Amino acid sequence: MTNITDYLKEERSAAWREELRKAKKNKERTDLTRVKMPEAPARERARSYVEVNSGLTPEQAINEASRCIDCANPTCISGCPVGINIPKFIKNIERGEFLDAARTLKETNALPAVCGRVCPQEKQCEASCFYQVKMNREPVAIGYLERFAADFEQSGGEISIPEVAAANGTKVAVVGSGPAGLAFAGDMAKFGYDVHILEALHEIGGVLKYGIPEFRLPNGVVDVEIESLRKMGVQFETNFIVGKTATIQELREEGFKGFFVGSGAGLPRFMNIPGENLVGILSSNEYLTRVNLMGASTQGMDTPVMRGKNVVVIGGGNTAMDSVRTALRLGADKATIIYRRSLEEMPARVEEVKHAQEEGVEFLTLNNPVEYIGDDKGRVKQIRVQKMELGEPDQSGRRSPVPVEGSEYIIDADTVVVSVGVSPNPLIPQSLPDLKVSRWGTLVVDEETFQTSIPDVFAGGDIVRGGATVILAMGDGRKAAASMHQYLQGQ
Amino acid sequence: MNKVVSKQHFSENVVSLEIEAPRIAKARKAGHFVMVRTDEKGERIPLTISSADTAKGTITLVIQKVGVTSRKLTALEPGEFIHDMVGPLGQATHVENFGTVLACGGGVGVAPLLPIVEALKKAGNRVVSVIAARSKDLIILEDQIRAYSDEVVIMTDDGSYGQKGLVTEGMEQIIQREKIDQSVIIGPGIMMKFASMTTKKHNIPTIVSLNTIMVDGTGMCGACRVSVGGKTRFVCVDGPEFDAHEVDFDEMLMRLNGYKNEEKEADDAYNCQVDKK
Ligand SMILES: Cc1cc2nc3c(=O)[nH]c(=O)nc-3n(C[C@H](O)[C@H](O)[C@H](O)COP(=O)(O)OP(=O)(O)OC[C@H]3O[C@@H](n4cnc5c(N)ncnc54)[C@H](O)[C@@H]3O)c2cc1C
Ligand SMILES: Cc1cc2nc3c(=O)[nH]c(=O)nc-3n(C[C@H](O)[C@H](O)[C@H](O)COP(=O)(O)OP(=O)(O)OC[C@H]3O[C@@H](n4cnc5c(N)ncnc54)[C@H](O)[C@@H]3O)c2cc1C
Ligand code: SF4
Ligand code: SF4
Ligand code: FES
C-alpha cells in the first residue's frame, strides 16, 4: 500500500495544488454551505422521463470544489471502492481544469458519469469525508462533482480515448455487458487483447439499460461510454447467451483464451404468498424491463405495460424506488411503497427516497403483504397487509422485522410490483458443471484475483456478490482484468 | 439481424419461415425455442424451433397470426431480416423409448410438436399422432407429422377434414384401442387443459409445452410464471415442458389474458397503420 500513499503525497505536493490550498483559508472553505443539486420540479417530473437531477453549473461546481480542504490524509478515498483520487479531481475542478478532472476520474473509474449519478455516496466516499467524520457537517458533494466533470467531458465531444497497447492477438470473451463486463473489457482492450463482449439481450449495458430508469440515468450517458469502448476496439455481440447459443467449451475451440463472467443477478425473487400469480402482480424486473428496455411507455412501441391507477410496490431498495416512481410516470393516481422495516433501514439511496417523497409516493413502512386477493377475472384488487415491528439486529446489522399478531388489514391495489431482491443468474453455472458455486448460487472466486475454480474463467459483479452496486461490479471487472492479464502472460 | 431465406404458406394465418441462424441451428434440440424481435419497435415473442438444417445454418419457425408481432413476422418475405433472434432457449424435451406415445397437437401447436414427434420416432417409439383444428384449412404440417408417425388421426371441429369432433374424442378412440405409455400435448391452453384431463383419467404420463406470455425468455422477469405442483415455475427456463397433470391450467389461462386490453389497442393501432398504406 505504501506506493499508493506515496503517489497520493506526490500528487498532492504538485505546485498547482499547493498554490490552490494557499489561495483560501480553510475557515473560508468550511464556512461555505453544500451546493443544492438543481432538480426538475417534482410535480412536472413525476409525469415525465426528464432526468430529475439537472447537474451543477460550472460556477456551482467550482464553488462546491472549493469546500474541499484537500486533506493531507484524504479519508474520502478509502470510502470509494475503486479508490478514486478524489481531492485531485476536485481540485482540478476548483482551478477550472474540468477535462483534467475527468481524466483523473478515468484513472480508476471507467464509468464516472454513471457512478456520479448512481453510487450510494452517502454510504461510501461522502460518508468518509472529513466534513462528515470530523465536523459532523454535510460532506463535500463528491458524487455531484464527479458527475459534473464526466458530463463536461461528454458534452464537449472531447472524450479522451485511453491509449491502447499494440494488439497481442489473444482473444478473450466477456459474458454480459453490465458495468462489471464493460469495466473488464476496457482494461483488457488497454492491455492489447482482442475483446469480445457477448450479451444475452438485444441491448448493451445490463442493469444500466434495462433496470435503472431514464429519469435517473439517461441511456445516452451509458451509450457514450460504450462508444468509447468500441473505439478502443472492443467488439460487441448481442443476442448471444453463453451456455445456450454456444458453450464456453465451444468458444475455447474457437480460440478464446480467457473468459470473464459478469452475468449479474438478474433473477427476480417472489415472496411465495397466496395469490402472487394473479394478473396485475409482476416483478420489478418485468415492470422496468418493459418500460426501459422495450420502451413500453413510448408511443409506437409494440410492448405493452400495465398502467395501474393504484400501484403498490413491495420493497425498499433502489429497484423498488425506481418501480414506484415509474408507476407515477405511467399515470398512476396513487403509488405506494410497502416495506417491512422502517425508513431508516431502507437500502435505497437516500436521494431516491427523498425524490420519491417529493413526487408524492406514499410510504407504508413496517408493513408486509401476506396475501393478494383477486376479482372474478383473476386480477388483483386487494392486498392483505400485516403490521411489523423491529426486533433485534440481524447479521446485516439491520434490525429485523417481526410480525405483529392480529394486525392484518386490507388495502386496495390494481397493480402490484414485487421488488424483494434478485438471485444470481444460473445460466453459466448450469452450463459449466465444474464451476464452484456457493449455496446462494453465486460464483466462488479468489478474493484477490477473481479467478473461479476453472482457471481460464474469471468472474465479478453481481454474479459473485449477489445484488450489489455499480461501482463494486466495475471494481471487480478491473481487478479481474489485471489478474487475467497476469494469468495469460504466464501461459 | 437474421435473414429470411424461404417462406411457405400453410394456411391464410399460418406461415413457415426458414431463417439464417447458424449457431442456433447447431445448438438446438427438440423442445427449444427462440425469442424474436421483428424490428426496433417490436416486442420480443417466443417461437418454437420447428426444425433446423445445420448444413445450411438455418432454422424453421411456424408462425400463426394472432396479434401485431406475429403479423409482422408472417408478412416478411425472403431476403428480408428479423432484427433480433436469440436462442436456443428452454429445456430440451426428454426423449427416450417409452413404447407407444400419443402425440396430440392443436392448431399451431402442431409446429412445436413436430420436432418432438421426430425425436420420439427416432428413439424407437411407436408414435400415434392426433392433430386437431377448427377446420380443414387450419390443419398444418400434416405430411411432416405423417413422416414420423405410425398413424395419424385428424380431427376438425366442423368435420371439414378427417373426423368431426374435438381432439379429446380422437384421443379416447386410441386410448380405448391400445395401451399408451406416454403422451405429449401441445396446443392452445384450453385444449391442453382438456386433453390433459383425458390422459389423467387413464393414468397416462403426459407432458405439455406451455405457451405463456414472455418478455426476455431467459428467466429475468417472471412474466412466464405458472404454478406446477403448487410451486411457481418459470416457463422459459424451467420449461416450456411440464408434467401436464401438475399444471394449474386455470391460472395459466387467466394470466394469458393479462394484457388483453393492451394487445387489443396495439392491434387496432397496427390495423390503422396498415390501412393507411
Ligand atoms: C432497478 C435497479 C436499480 C439499481 N440502482 C442502483 C443504484 O442506484 N446504484 C448502484 O450502485 N446500483 C444500483 N443497482 C444495482 C446495480 O445495477 C448492479 O449491482 C450492477 O448493475 C451489477 O453489474 P453486473 O455487471 O454484475 O451485472 P448486470 O448489470 O446485471 O449485467 C449482467 C448482464 O449479463 C447478461 N447476461 C446474463 N447471463 C448471460 C449469458 N449467459 N450470456 C450472455 N449475457 C448474459 C445480462 O443480460 C446482463 O445484461 C440497481 C439495480 C437495479 C435492478
Ligand atoms: C415457448 C413458446 C413457444 C411458442 N411457439 C410458438 C410457435 O411455434 N408458433 C406460434 O405461432 N406461436 C408460438 N407461441 C405463441 C406466440 O409466442 C404468441 O402467439 C405470440 O407471442 C403472440 O404475439 P403477438 O404480438 O402476435 O400477439 P399479441 O398481440 O401479443 O396477442 C394476441 C392474442 O394472442 C393471445 N396470446 C398472446 N400470447 C400468447 C401465447 N403465448 N400463447 C397463446 N396466445 C397468446 C393474446 O391473449 C391475444 O388474445 C409460443 C409461445 C411460447 C411461450
Ligand atoms: S465512484 Fe462512487 S464511491 Fe467512488 S468517488 Fe465516485 S461516487 Fe464516490
Ligand atoms: S475528505 Fe472531504 S474535504 Fe478531505 S479531501 Fe476528501 S473530499 Fe476533500
Ligand atoms: S420470460 Fe421472463 S422470466 Fe420467463
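Rules behind the numbers
Residues numbered from 1 in each chain as written. Chains lettered and ligands numbered in written order. Predicted model: local features only at pLDDT ≥ 70, side-chain atom pairs only at ≥ 80, totals over all residues. Heavy atoms only, no water. Near = heavy atom within 4 Å. Nonpolar A, V, L, I, M, F, W, Y, C, P; charged D, E, K, R; others polar. Patch = residues over 30% accessible without salt bridge, like charges linked within 9 Å, V, L, I, M, F, W, Y side chains within 5 Å. Areas by Shrake-Rupley, 256 points an atom, 1.4 Å probe, with all protein chains shown as cover. Salt bridge = Lys/Arg side-chain N within 4 Å of Asp/Glu carboxyl O. Helix = DSSP H or I, 4+ residues; strand = E, 2+ residues; numbered from the N terminus. Buried < 20%, exposed > 50% of the residue type's maximum accessible area, 1.4 Å probe, protein only. Pairing = 2+ DSSP bridges. Axes fitted to C-alpha atoms, helices over the stretch in contact; angles between N-to-C directions. Right-handed = clockwise from strand over helix to strand, strands pointing away.

Going by an unreviewed UniProt entry, chain B carries the name Glutamate synthase and comes from Geofilum rubicundum JCM 15548.

In the nomenclature of an unreviewed UniProt entry, chain A is known as Glutamate synthase of Geofilum rubicundum JCM 15548.

1. Focus on the site of ligand 4
Around ligand 4, a shell composed of A:Cys68, A:Ile69, A:Cys71, A:Thr75, A:Cys76, A:Pro87, A:Cys129, A:Phe130 and A:Ile142 is seen. The class makeup of the residues in the shell around ligand 4 is 8 nonpolar, 1 polar and no charged.

2. Observations concerning a nonpolar patch on the surface
Residues and elements named next belong to chain B. A cluster of nonpolar side chains, Ile190, Phe194 and Met197, forms an exposed patch at the surface whose accessible area comes to about 290 Å². Along the chain, the position of Met197 falls in helix H6 (residues 189–201). Met197 sits in the partly exposed class, given a relative accessible area of 47%.

3. Some words on the sheet that holds strand S8 (residues 334–339) of chain A
Sheet strands line up and pair through hydrogen bonds in the backbone, either parallel or antiparallel. Residues and elements named next belong to chain A. With respect to topology, 5 strands assemble into an open sheet ordered S6-S14-S7-S8-S9, the strand pairing being parallel. A strand with exactly one partner marks an edge of an open sheet, and here the two such strands are strand S6 (281–283) and strand S9 (362–365). Pairs of neighbouring strands in the sheet enclose a mean axial angle of 20 degrees, with direction left out of account. Relative to strand S14 (residues 415–418), S6 runs parallel, the two sharing 3 bridges. Each residue of the ladder has a partner; that of Ser283, found in S14, is Val418.

4. Section: the pattern of salt bridges
All names here are of chain A. Scanning the model with the defined rule gives 57 salt bridges over all chains in all. Residue Glu126 is joined to Arg34 by a salt bridge in which the shortest nitrogen-to-oxygen separation is 3.0 Å. Residue Glu126 is located in the loop between helix H9 (112–118) and helix H10 (130–135), and its partner Arg34 is located in the loop between helix H3 (26–31) and helix H4 (42–45); the two are separated by 92 residues in the primary sequence. Within this structure, Glu39, Arg45, Arg216, Asp322, Arg325, Arg329, Arg349, Glu351, Glu352, Lys354, Glu358 and Glu359 form a network of salt bridges that share partners.

5. A few points about the pairing of strand S13 (residues 182–186) of chain B
All names here are of chain B. Most of S13 sits out of view: 5 of its 5 residues are buried. By the alternation rule, side chains of S13 split into Gln182, Val184 and Ile186 and Ser183 and Ile185, which are all buried. Here strand S9 (residues 100–106) runs beside S13; their pairing, made up of 5 bridges, is parallel. The residue of S13 that forms the bridge with Cys104 is Ile185. Relative to strand S14 (residues 206–209), S13 runs parallel, the two sharing 3 bridges. Bridging across to S14, Ile185 finds its partner in Val208. A crossover connection joins S13 to the parallel S14 through H6; in handedness this β-α-β unit is right-handed.

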